[in-house]
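Working through the structure, step by step
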Amino acid sequence: MALNWFKYSSPASFYPLAGRLAPWFGVAAALLTLTGLYLGFFVAPTDYKQGEAYRIIFIHVPAAWMSMFIYLVMAFYAGLGLVFNTRLSAFMARALAPTGALFTFISLWTGALWGKPMWGAWWVWDARLTSELILLFLYLGFISLQAAIEDPRRAARASGLLALIGAVNVPIIYFSVQWWNTLHQGASISMSQGSAMAATMLTAMLVMTLAFWMYTIAVVLTRVRCEILERERHSEWVAEVASRETR
Amino acid sequence: MEMSGIGLLSGTRNILARDLTLAGRRITDVLTTLFFFVIVVSLFPLGVGPEMNTLRMIAPGILWVAALLATMLSLGRLFTADYIDGTLEQMLLSPQPLSLIVLGKVAAHWLVTGAPLVLMSPLLGLQFGLGGAALGVLMLTLLIGTPVLSLVGAMGAALTLGLRGGGALISLLVLPLYIPVLIFGAGAVEAVASGLEAGAHLSLLGALLVLALCFGPWVTAAALRISLE
Amino acid sequence: MEMSGIGLLSGTRNILARDLTLAGRRITDVLTTLFFFVIVVSLFPLGVGPEMNTLRMIAPGILWVAALLATMLSLGRLFTADYIDGTLEQMLLSPQPLSLIVLGKVAAHWLVTGAPLVLMSPLLGLQFGLGGAALGVLMLTLLIGTPVLSLVGAMGAALTLGLRGGGALISLLVLPLYIPVLIFGAGAVEAVASGLEAGAHLSLLGALLVLALCFGPWVTAAALRISLE
Amino acid sequence: MSLTEFFSMGGYAFYVWGSYAVTALLMLIEVILVVRRRRTLLDRLGRIHGAAHGAWRDGAGNETQT
Amino acid sequence: MLRGNALVAVRGDRRLFAGLDFALDAGELLYVNGPNGSGKTTLLRMLCGLVAPAEGAILWNGEDIRSVGDAYRAEMVYFGHLAGVKDELSGVENLRVNCRLAGQDPSDEELTRALGTLGLRGLETLPAKVLSQGQRRRVSLSRLLLSRAHLWILDEPYTALDRSAVELLQGLIRDHLARGGLAVLTTHQQVEIDAGITKELRLGS
Amino acid sequence: MLRGNALVAVRGDRRLFAGLDFALDAGELLYVNGPNGSGKTTLLRMLCGLVAPAEGAILWNGEDIRSVGDAYRAEMVYFGHLAGVKDELSGVENLRVNCRLAGQDPSDEELTRALGTLGLRGLETLPAKVLSQGQRRRVSLSRLLLSRAHLWILDEPYTALDRSAVELLQGLIRDHLARGGLAVLTTHQQVEIDAGITKELRLGS
Ligand code: HEM
Ligand SMILES: Nc1ncnc2c1ncn2[C@@H]1O[C@H](COP(=O)(O)OP(=O)(O)OP(=O)(O)O)[C@@H](O)[C@H]1O
Ligand SMILES: Nc1ncnc2c1ncn2[C@@H]1O[C@H](COP(=O)(O)OP(=O)(O)OP(=O)(O)O)[C@@H](O)[C@H]1O
Ligand SMILES: [Mg+2]
Ligand SMILES: [Mg+2]
């Protein structure tokens, strides 16, 4: 097992593995999305307080969770790459960032669209909302730094360090923003949790989260394959792959 | 007459097209200005506190100051690249009037930095709880005002070209000149937000634009000639 | 033990002395940061309008945001000169721990950019109608907070060393990291201005300083090693 | 539940469908971008290595000039 | 003392050298040569620990220099393409800063004497920016006079130096080797290398 | 063609040289030598018009270069201590900029060919900051290949160049002189100067 793991941490052997796995995750994502949507729209009951608008929850919460979780995974890979100098983990960190930023944006967007009917405002400077916005900035900083450095080794290491700094900063931001907010209770808007969540709602939300997970894995595996090809384009095995796969 | 008119404009248009192409190649430069704007605007609620009423009141001022700062930070790039690689010198030697070439460069600068700010502003305005009318006027004032910022900033950029402390120096030169734009721009939005008429502010802003359009490129051209002496 | 302690600190002190000498020879660089701070702060009353009550309410936030921006703009100079002329390379090769050398450079940076802001702030606070207690806390928070800005900014400067769009990129990297400092710094002043206790905010700010002092130089040193590879 | 009733979402159609549509659109765009990136990359690699096929077998490590 | 094992250098897409081995003992000079871009500077920066080798290891007294760290750096002096001289500081100030960075603290007198040996008498207090190219290099080189390092790593040290300065530097290197020091040197100039034991390392095709 | 009359150079408090005369005609090389800090760079910068002589005059075809101005600058190329190569730009871009500054506008093909001649094939599109020291100098030198200037002023052009590049440059200078060009050269390296007519000018004691 340990040996296997070691083997697949080399880009050359991870590349075909990722290629074999990605489609399966794609299919799983599609199936789970269909199930989740069916549960969310046709099985879950209407919320007695929020009406139908609450159905945004089935993408909002999974996206919000994913946005934070992907950042952690990204920072983990970045740290791994820095400490053990493994190329593959740096590729993974790089491949995760755009998808993470995408989910952050989706959670902001759906949150705003939910906030208007529920709170009467597209946006309030609430702790959760603000820290999610800052998370988006952190993703953008990571992506921009990587884009600005030409040397791939330096790019990987510098942005890896940035991801780690950001990971330390995320909890600090989260708590500081919360603090700042509770001290000055503003328009007295708080996240109303509503009634205890119906079991079907919870199931639908979890299924959608799983679907987003599968989607993320599929996209990231495909993207990491591109990274590998690009970075290792001068090695012999890429030449073989290229002549095989373009045929 | 006709012919030369077309010829003149074509000089402007060529430079405009070239600069836009270049901006397309360095899309990150474009995005950083926009990000800077967004981040600076988002910093204020964190400093000032989350009460929507206060925020709504100061929103026009904050958005305008942020636009000013974002434009200012992007000025460094306006002529420097062309100066370093000698293109600017060639422009000075061009038989087309330098002020029209400058106009092309400024237009490209505005399209790349000012226009995105204008498009982004309603979203940020929403975050500060501005209403529909105020949002409209905010966009309108930025639409009229940011070209003035680019035109005036170009003068500063031309004057500080190639100087060592350029980046910081330019802010000292340009920010005071930006003050009228800031006052009328933010004033118009505030007026509308508190239910008043903004006509007077807007026409003064328009007058500033006309003034800047007439004299800006010409002054910038003169400043460039001095800097490259 | 004693000896090596002195030895370690002497590395920091040497660089500090050197950087201060250099700053003394380039005094305009120092002044531009201060001017920028003053101008940005003075722009707000123009954008927001002259009502003293509003101004007093938003003053802490504005002063803090301006301090943030001023510090950020000065970061570009932190390592660039040493990078270009090869001194930075020698620092990396010094047997003294790089993080202590970095500490010296950051200390010099703070003395040259942060400290003047601290000294200038009461004057600007007065313009916004802040009272005596609030002014005191404003100075105190800036005194604790601006070193954090320098320490955190140094990481950003080290990561972007020698990159093309450096100036704008650094703002994107560093501003999000500045947010906790902004929140506690402005929060403390606001609390005092509205008659509350600021102890909690101040101790959190102090905690941030300790955290930044412990990890900042070390991370910056790692970033420098990466950038110079 | 009729179809129009379903689509009106109890009056919240804009918000609910706005959320779902944008999410779907963005995910779609991401997938298209990734797939297109892979295509162009393979295309380019194919051209490089196709042209230098012989050289590669010789173990000459450097790319031929384009 | 200094040993390179199967070193590989990769910059960007290019592999500059691979499987490079060498061993250098007390009193020996390693003369690295090769055409422009063959990786001499890269190798020297690797020996300093500024660049990590893509593969292989560099050993100092049998230990990897990356794990020895500061202790290794205290025994080494690197003199690179860049002079490391600050325009705004005078010769004395520059030399003092450089020495302190290396963990030494010579007196003003010693500093002045070192600069004087390098032919900078009377110019010690001028800001470096008004010095000629060769004089700037001399300011930078004067550090070698005060250095107690065992290992000198010199990347084209003769650049911009006139004949007398070249001879002076050669004398310095010779004395250093005679004292049991080690030196690694690159140069494109046809300078006589008449030190005790000279090993040559050729990079590039 | 190029004539110096009773030139005096003063820098700060020091008088570097005084009463310097020389005359250079088509096909001739002026080899300026002297120890570090003797004023070679100062003299060459005077010849370019970058520094005004404290006394005396420099004449180009009988006219003072300060009054001829642009027309003189169009006939001259100066290659100084600093490479004049921008870190962020690629080789091709750097060369294009340098040519444009000299009022030429060569095609991309010509640029690539010039860089190729200088041994930079395959490196044309790398940013200059990743190039080796010698490669940077080569990028800078490639300008000479495309130059149509009559007068070449070269301040230590051999710095950082390997042997093959030195020979290439010598060939370029020889061809230039053979075409009736003029050249002024300083170097501390013991490079064979085998051009047609070489005049030597010695500065410093
Ligand atoms: C732009 C606006 C919004 C943003 C950025 C946002 C962000 C987030 C984030 C980051 C989470 C995950 C936090 C956690 O699990 O602890 C979350 C969860 C959640 N959000 Fe939002 N949100 C926004 C608006 C809204 C609105 C308007 C509502 C409903 C009225 C809402 C309801 C919820 C609920 C119910 C959860 C799940 C809480 C839990 O299970 O812990 N959100 N949101
Ligand atoms: N990102 C990159 N992509 C391709 N090649 C690179 C990259 N970075 C560095 N190189 C190459 O690495 C080599 C670095 O060489 P190095 O500076 O070690 O040469 P050198 O032997 O010291 O040469 P010189 O004699 O000119 O000083 C150069 O050939 C350079 O072109
Ligand atoms: N302000 C000043 N005060 C005193 N001396 C000065 C001043 N400015 C320049 N100098 C001297 O002028 C001389 C300039 O010399 P220049 O650069 O022409 O020498 P060079 O012959 O090119 O030397 P190298 O061979 O080192 O390149 C130096 O000796 C320098 O010390
Ligand atoms: Mg070298
Ligand atoms: Mg000289």
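Whatever comes next refers back to the structure up there.
What to know about the site of ligand 3
In the neighbourhood of ligand 3, 24 residues make up the surrounding shell, with Ser-132 and Gly-134 of chain E together with Lys-40, Thr-41 and Thr-42 of chain F lying closest. Neighbouring residues of ligand 3 are not confined to a single chain but are spread across chains E and F. One of the backbone N or O atoms of Ser-38 of chain F is found 3.3 Å from an oxygen atom in ligand 3. Notes on ligand 3: free accessible area 650 Å², of which the protein chains cover 92%. Broken down by secondary-structure element, the contributors of at least two residues to the shell around ligand 3 are helix H6 (133-146) of chain E together with strand S2 (14-24) and helix H1 (40-48) of chain F.

Some words on the layout of surface pockets
Remark: the empty space left among the atoms is shown by a probe the size of a water molecule rolled over them. Residues and elements named next belong to chain A. In this structure, the second largest pocket occupies an estimated 1,700 Å³ of space. Lining the second largest pocket are 45 residues, with Ala-101, Leu-102, Phe-105, Leu-136 and Leu-140 sitting closest to its centre. Looking at which element gives the most residues to the lining of the second largest pocket, the answer is helix H4 (residues 87-119), with 10 residues. Across the lining of the second largest pocket, the residue classes tally to 32 nonpolar, seven polar and six charged.

Details of the coordination of the iron atom of ligand 1
Within the protein, just one atom coordinates the iron atom of ligand 1: His-60 of chain A (NE2), at a distance of 2.1 Å. Relative to the assigned elements, His-60 of chain A resides in helix H3 (residues 57-84).

Considerations on the sheet that holds strand S8 (residues 182-186) of chain F
Note on sheets: strands pair through backbone hydrogen bonds, and any given pair is parallel or antiparallel. Residues and elements named next belong to chain F. The strand order across the open sheet built from five strands is S6-S7-S8-S3-S9, with neighbouring strands paired in parallel fashion. Each end of this open sheet is capped by a strand with a single partner; those strands are strand S6 (76-79) and strand S9 (197-202). Going across the sheet, the axis of each strand differs from the next one's by a mean of 15°, ignoring polarity. Where S6 and strand S7 (residues 151-155) come together, four bridges link them in parallel fashion. Paired with Met-76 across the bridge in S7 is Leu-151.

Description of the side chain of Thr-87 of chain C
Looking at where Thr-87 of chain C falls in the secondary structure, it is placed in helix H5 (residues 87-93). Overall, Thr-87 of chain C belongs to the buried group, its relative accessible area being 2%. Engagement of the side chain of Thr-87 of chain C in a polar contact is seen with the side chain of Asp-85 of chain C, the distance being 2.5 Å. Those residues within four positions of Thr-87 of chain C in sequence are excluded, and the remaining contacts are Arg-18 and Asp-82 of chain C together with Gly-84 and Lys-86 of chain E.

Quick look at the coordination of the magnesium ion (ligand 4)
Residues and elements named next belong to chain E. The magnesium ion (ligand 4) binds to the protein through Thr-41 (OG1) and His-81 (NE2), with metal-donor distances spanning 1.8 to 2.4 Å. With Thr-41 in helix H1 (residues 40-48) and His-81 in the loop between strand S6 (76-79) and helix H4 (91-101), the pair connects residues that are 40 residues apart, well separated along the chain. Taking relative accessible area as the criterion, Thr-41 reaches 22% and is therefore assigned partly exposed.

What to know about the packing of aromatic side chains
The description of two aromatic rings rests on the distance between their centres and on the angle between their planes. As enumerated under the stated definition, the model contains 20 aromatic pairs over all chains in all. Ring geometry for Phe-105 of chain A against Trp-109 of chain A: centres 6.2 Å apart, planes inclined by 25°, an arrangement best described as stacked. On the criterion of helical spacing, the pair formed by Phe-105 of chain A and Trp-109 of chain A is a turn pair, its members being four residues apart in helix H4. Of the aromatic side chains, those joined through ring pairs into one cluster are Phe-41 of chain A together with Trp-17 and Tyr-20 of chain D. The cationic tip of Arg-225 of chain A hangs over the ring face of Tyr-15 of chain A; the distance from NZ or CZ to the ring centre is 4.2 Å.

Topic: unusual backbone geometry
The backbone phi angle of Asn-85 of chain A is positive, close to 60°, even though this residue is not glycine. When you line up the elements, Asn-85 of chain A lands in the loop between H3 and H4. Phi is positive for Ala-6 of chain E, close to 50°, though the residue is something other than glycine. Mapped onto the elements, Ala-6 of chain E comes out in strand S1 (residues 2-11).

A few points about the site of ligand 1
Residues and elements named next belong to chain A. Around ligand 1 there are 17 residues in total, and His-60, Trp-65, Leu-108, Gly-115 and Glu-132 lie nearest to it. His-60 places a polar side-chain atom, nitrogen or oxygen, 2.8 Å from a nitrogen atom of ligand 1. Arg-128 has a polar side-chain atom sitting 3.3 Å from an oxygen atom of ligand 1. Of all the elements, H4 adds the most residues to the shell around ligand 1, at seven residues. Taken together, the residues of the shell around ligand 1 sort by class into 12 nonpolar, three polar and two charged.

Looking at the interface of chain A and chain D
Often, the extent of an interface is quoted as the loss of accessible area upon association of its parts. With 45 residues of chain A in contact, the opposing surface of chain D contributes 32 residues. With both chains or domains summed, chain A and chain D bury close to 3,500 Å², and 72% of this area falls on carbon and sulfur atoms. At the boundary of chain A with chain D, the tally comes to three salt bridges. Here Arg-37 of chain D makes a salt bridge to Glu-227 of chain A, at a shortest N to O gap of 3.1 Å. Between the two partners, chain A and chain D, sit seven residue pairs in polar contact (both at pLDDT 80 or more). If you list the elements that add at least two residues to the side of chain A that touches chain D, you get helix H2 (11-43), H3, H4, helix H7 (199-231) and helix H8 (236-245) of chain A.

Things to note about the pairing of strand S1 (residues 2-11) of chain F
Residue and element names in this part refer to chain F. Direction of pairing for S1 relative to S2: antiparallel, over a ladder of seven bridges. Following the sheet pairing, Arg-3 is matched in S2 by Ala-23. In this structure, the hairpin formed by S1 and S2 is closed by a connection of two residues, where Gly-12 is found at a positive phi of approximately 55°. Here five bridges tie S1 to strand S4 (residues 55-60), and the two strands are oriented antiparallel to one another. Directly across from Leu-2, in S4, lies its bridge partner Trp-60.

What counts, and at which threshold
- Numbering of residues starts from 1 in each chain and follows the order in which that chain's sequence is written.
- Chains and ligands are labelled sequentially in the order written, the chains with letters from A and the ligands with numbers from 1.
- Whole-chain, interface and lining totals are the exception, using all residues; otherwise, since this is a predicted model, local features are given only for residues with pLDDT of at least 70 and side-chain atom pairs are given and counted only at 80 or more.
- Think of the side-chain values as coming from all heavy atoms in the structure, minus any hydrogens and water.
- In this text, near means that some heavy atom of the residue lies within 4 Å of the molecule or strand in question.
- Distance and chemistry together define a polar contact, namely a pair of N or O atoms within 3.5 Å, with one atom able to donate a hydrogen and the other to accept it when in protein, and with adjacent residues in sequence counting only for side-chain atoms on both sides.
- The protein chains shown are the only cover counted for residues, whose accessible areas, like all others here, come from Shrake-Rupley with a 1.4 Å probe.
- The secondary structure listing takes helices from DSSP runs of H or I that are at least 4 residues long and strands from runs of E that are at least 2 residues long, numbered from the N terminus.
- In this analysis the probe radius is 1.4 Å and the grid spacing 1 Å, with only protein atoms considered; a cavity is a set of points the probe fits into but cannot get out of, a pocket is an open set with protein on both sides within 12 Å along at least five of seven lines, and lining residues have an atom within 4 Å of a point.
- Grid points are joined across faces, edges and corners, and a volume is the space filled by probe spheres set on the points.
- Each residue gets one label: Ala, Val, Leu, Ile, Met, Phe, Trp, Tyr, Cys and Pro are nonpolar, Asp, Glu, Lys and Arg are charged, and the others, such as Gly, are polar.
- In this listing, donors mean N, O and S atoms no farther than 2.8 Å from the metal, or 3.2 Å for Na, K and Ca; water is missing from the atoms, so a site can look incomplete.
- Only strands that DSSP links by at least two bridges are regarded as paired with each other.
- Fitted lines through C-alpha atoms serve as axes, helices being fitted only where they are in contact, and the angles separating the N-to-C directions of these axes extend from 0 to 180 degrees.
- Summary of the burial criterion: residues with accessible area below 20% of their type's maximum are buried, those above 50% are exposed, and those between are partly exposed, where the area comes from a 1.4 Å probe applied to protein chains only.
- Residues count as neighbours in contact if any of their non-hydrogen atoms are within 4.5 Å of one another.
- When two rings of Phe, Tyr or Trp (its six-membered ring) have centres within 6.5 Å they constitute a pair, described as stacked for plane angles under 30 degrees, edge-to-face for angles over 60, and tilted for the intermediate range.
- In this scheme, Lys NZ or Arg CZ marks a charge over a ring once it lies within 6 Å of the ring centre and within 35 degrees of the ring normal.
- Buried area is understood as the total, over both parts, of accessible area removed when two parts are fitted together, assessed with a 1.4 Å probe.
- Criterion for a salt bridge: a side-chain nitrogen of Lys or Arg within 4 Å of a carboxyl oxygen of Asp or Glu.

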